[in-house]
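Here are the chains, one letter per residue:
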Amino acid sequence: MGKRYETERLVLKVLEEKDAGMVLEYYDRNREFLKEWEPVRTDAFYEKAFHEKELREDMKKMEKREGLRLWIFLKGEETRVIGAVAFSNIVRGVFQSCHLGYKLDRDAVGKGYAREAVARGVRIMFDEHHLHRIEANIMPRNTSSRRVVESLGFEAEGLARKYLRIGGVWEDHIHWVILNEAEEQF
């Protein structure tokens, strides 16, 4: 059984291979909505086997403490994924840092769910994983996503030109960072 966390309105869960159908349904439902914010997806991405493999890989990364992807559900509706918050590229040693990414269902946007999920995820990474720094890279035109990190205390550190290939185009991203201001963990 995967990890599970709760917030006031949400359940955040690590999903297993057997849950690939829920993940695929989320992506099918949001295919057009997410197109503007994600890499170009191949046909294979929209097959259950692809997500079974991804969920297996997520479990391996979690076990090695190299990543953590939490799928978002509304409380009482734990068969319908409404998004995900992911912490990837966890680097230990003197860096103690990771990258943050998140996404929501088109019908869940504008209700504060992303902020609620990301806030809980940040606490998990600082309190349980003892990270010092979390980095998020957001396209300047993604004002909703920028509002989420700004509201949580992330600070803009600069512009990364042509940082990620989104929708087939190299997009600039603003580099946002939040530091764990609690006592030093290492």
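Look above for the structure.
None of these values were measured; they are calculated from a predicted model. (Residues numbered from 1 in each chain as written. Predicted model: local features only at pLDDT ≥ 70, side-chain atom pairs only at ≥ 80, totals over all residues. Heavy atoms only, no water.)

Some points on the overall build of the protein chain
Each helix and strand counted, the protein chain has five helices and eight strands in total. Moving toward the C terminus, one meets the helices and strands of the protein chain in the order β-β-α-α-α-β-β-β-α-β-α-β-β. A compact globule built from 186 residues would reach a C-alpha radius of gyration of about 16 Å, and the protein chain, at 16 Å, matches this within 12%. Counting only C-alpha atoms, the protein chain reaches 40 × 40 × 30 Å along its principal axes. Here the protein chain, with 186 residues, has 47% of them falling under the buried criterion. For the protein chain, the share of sequence-separated contacts (at least 6 apart) that also reach a separation of at least 24 residues comes to 63%. In the form shown here, the protein chain has an accessible surface area of approximately 10,000 Å², with 50% of it arising from carbon and sulfur atoms. Positive and negative side-chain charges in the protein chain, numbering 33 and 34 respectively, have mean positions lying 2 Å apart. (Helix = DSSP H or I, 4+ residues; strand = E, 2+ residues; numbered from the N terminus. Rg over C-alpha atoms; globule rule 2.2 N^0.38 Å. Buried < 20%, exposed > 50% of the residue type's maximum accessible area, 1.4 Å probe, protein only. Contact = heavy atoms within 4.5 Å. Areas by Shrake-Rupley, 256 points an atom, 1.4 Å probe, with all protein chains shown as cover. Lys, Arg positive; Asp, Glu negative; His and termini not counted. Charge placed at Lys NZ, Arg CZ, Asp CG, Glu CD.)

Thoughts on helix H3 (residues 48–63)
Over its 16 residues, H3 runs 23 Å from end to end, which matches the ideal 22 Å to within 8%, given 1.5 Å per residue. Every buried residue of H3 is listed here: His-51, Leu-55, Asp-58, Met-59 and Met-62. Buried residues of H3, viewed axially, fall in a sector of 100°; they line one side. On its buried face, H3 is in contact with helix H1 (20–29) and strand S3 (68–74). (Expected span 1.5 Å × (residues − 1). Arc of directions from axis to C-beta.)

Points about the pairing of strand S8 (residues 169–179)
Alignment of strand S6 (residues 133–138) against S8, held across six bridges, turns out to be antiparallel. Bridge assignment links Glu-135 to a residue of S8, and that residue is Val-177. Bridging between strand S7 (residues 155–166) and S8 involves eight bridges; their strand directions are antiparallel. Paired with Gly-158 across the two strands is His-175, which belongs to S8. In sequence, S7 turns back onto S8 through a hairpin of two residues, with Gly-167 there showing a positive phi of about 60°. (Pairing = 2+ DSSP bridges.)

Considerations on the nonpolar core
Ranked by size, the top nonpolar core spans 38 residues in total, and within it Leu-70, Leu-100, Tyr-102, Val-118, Met-125, Ile-134 and Phe-154 carry the most contacts. The biggest single contributor to this core is helix H4 (residues 113–127), with eight residues. Every residue in contact with Ile-134, bar those within four places of it in the chain, is listed here: Phe-87, Cys-98, Leu-100, Val-122, Met-125, Phe-126, Phe-154, Trp-176, Val-177 and Ile-178. Within the second largest apolar cluster, 16 residues are counted, among which are Val-11, Leu-24, Leu-34 and Trp-71. (Core = buried A, V, L, I, M, F, W, Y, C linked by side-chain atoms within 4.5 Å.)

So, the packing of aromatic side chains
Throughout the structure, instances matching the rule amount to six aromatic pairs. For the pair Tyr-27 and Trp-71, a centre-to-centre distance of 6.3 Å together with 85° between the ring planes defines the contact as edge-to-face. Taken together, the residues Tyr-27 in helix H1 and Trp-71 in strand S3 connect sequence positions 44 residues apart. Its relative accessible area of 6% is what places Tyr-27 among the buried residues. Assessed through its relative accessible area of 3%, Trp-71 is described here as buried. By the ring-pair criterion, three or more aromatic residues cluster together here, those being Tyr-26, Tyr-27, Phe-45, Tyr-46, Phe-50 and Trp-71. Above the ring of Tyr-46, the side-chain terminus of Arg-31 is found at 3.5 Å from the ring centroid. The side chain of Arg-41 reaches across the aromatic face of Phe-45, ending 4.1 Å from its centre. (Phe/Tyr/Trp six-rings, centres within 6.5 Å; stacked < 30°, edge-to-face > 60°. Lys NZ or Arg CZ within 6 Å of the ring centre and 35° of its normal.)

Distances and angles like these do not, on their own, reveal function.
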